[in-house]
Amino acid sequence: AAAERAQARLRQLVSAGALLSRSLEEQTTLAAIGAVIVPEIADICRIDLLDKDGILQRKLTRHVDPEREAAMREFVRDHVSTEDSPGSFAWTVATGKTFLANLEPADIERFADPAFRSFVVDFGLRAACVVPLVARGRTIGAMCALQATSGRRFSDEDGAGIVELAQHAALALDNVRLFGESRDALRDAEVANRAKDEFLAMLGHELRNPLAPIRTALQLAKLRHGHL
């Protein structure tokens, strides 16, 4: 049974790697990650990425139930958890730790952050695995896989599999970032090159304007000198 589970996890990783290598566009890559996790591995998948100022931006909310997905997207848009709430994205990014827990109703009180507690209750979370997204030694965000309506739980093996998937996802998303930066740099270089050409053209035009009367004056002076 353990060998079969290991083989299944390996197949998932191979499939995920192939799927995530198909695009260098952010939305396509995020959608591919969500498709890998929901519904086969978890009921819910969320991803936040750090922007250039180090602020987490909501990037992906995937729920097995489209109606609940819309409600969850609205909830996470309006609520921000704090770093001192274990299991929140802010805590995961700040500590670099993975949070893995199967939740019981009595566990709710241990969450001090009201927004995080409300999230657990409102969406009926039964299990959570929250992992940092780290690529090339740099934390770029956080990802979570959550169980809710299915009532499924996470084993330690499940947690290890999600961590491995997160590594693939982080690398794919970082490739997207690097591609975007390269594209922006190329666009900036093209803009700078056009600006240089326009400046040289303007400079040539401006230089030609005062040269015309100078040439005329020299020609008149030459004629006058010839008459003398």
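Counting restarts for each chain, with residues numbered from 1 along the sequence as it is written. Totals for whole chains, interfaces and linings use every residue, but because this is a predicted model, local features are given only for residues with pLDDT of at least 70 and side-chain atom pairs only at 80 or more, for both listing and counting. As a rule here, side-chain values cover all heavy atoms of the structure and leave hydrogens and water aside.

Another aspect to go through is the pattern of salt bridges. Here, a salt bridge means any side-chain nitrogen of Lys or Arg that lies within 4 Å of a carboxyl oxygen of Asp or Glu. Here the structure, examined in full by the defined rule, presents 12 salt bridges. Arg 183 serves as the salt-bridge partner of Glu 25, at 3.3 Å between the closest nitrogen and oxygen. Pair noted here: Glu 25 is in the loop between helix H1 (2-20) and helix H2 (26-37) and Arg 183 is in helix H6 (residues 156-227), with a separation of 158 residues, a long-range link. The shortest N-O distance in the salt bridge between Glu 26 and Lys 59 comes to 3.1 Å. Remark: Lys 59 occurs in strand S2 (residues 56-63) and Glu 26 occurs in helix H2; sequence separation between them is 33 residues. Note on classification: 1.4 Å probe, protein chains only; a residue is buried when its accessible area is under 20% of the maximum for its type, exposed when over 50%, partly exposed between these limits. Given a relative accessible area of 29%, Lys 59 falls into the partly exposed group. Salt bridges sharing common partners tie together Arg 136, Arg 138, Asp 174, Arg 177 and Glu 181. To qualify as a helix, a DSSP run of H or I must reach at least 4 residues; to qualify as a strand, a run of E must reach at least 2; elements of each kind are numbered from the N terminus.

Read across the open sheet, the 5 strands follow the order S2-S1-S5-S4-S3; overall the sheet is antiparallel. Among the strands making up the open sheet, the edge pair consists of S2 and strand S3 (99-102). For this sheet, the mean angle separating the axes of adjacent strands, direction not counted, is 15 degrees. Pairing analysis gives 7 bridges linking strand S1 (residues 44-50) to S2, with the strands arranged antiparallel. Each residue of the ladder has a partner; that of Leu 50, found in S2, is Leu 56. In the packing of helix H3 (residues 66-78) onto the sheet, the strands contacted are S1 and S2, and the crossing angle to S2 comes to about 165 degrees. Two strands qualify as a pair provided that DSSP identifies no fewer than 2 bridges between them. Geometry is summarised by axes, namely lines fitted to C-alpha atoms with helices restricted to the contacting stretch, and by angles between N-to-C directions that run from 0 to 180 degrees. Should any heavy atoms of two residues lie within 4.5 Å, those residues are counted as being in contact.

What follows is about unusual backbone geometry. What is expected of a backbone is that most residues other than glycine have negative phi and most peptide bonds are trans. Backbone torsion omega between Val 38 and Pro 39 reads 5 degrees, so that peptide bond is classified as cis. Locating Pro 39 in the fold gives a position in the loop between H2 and S1.

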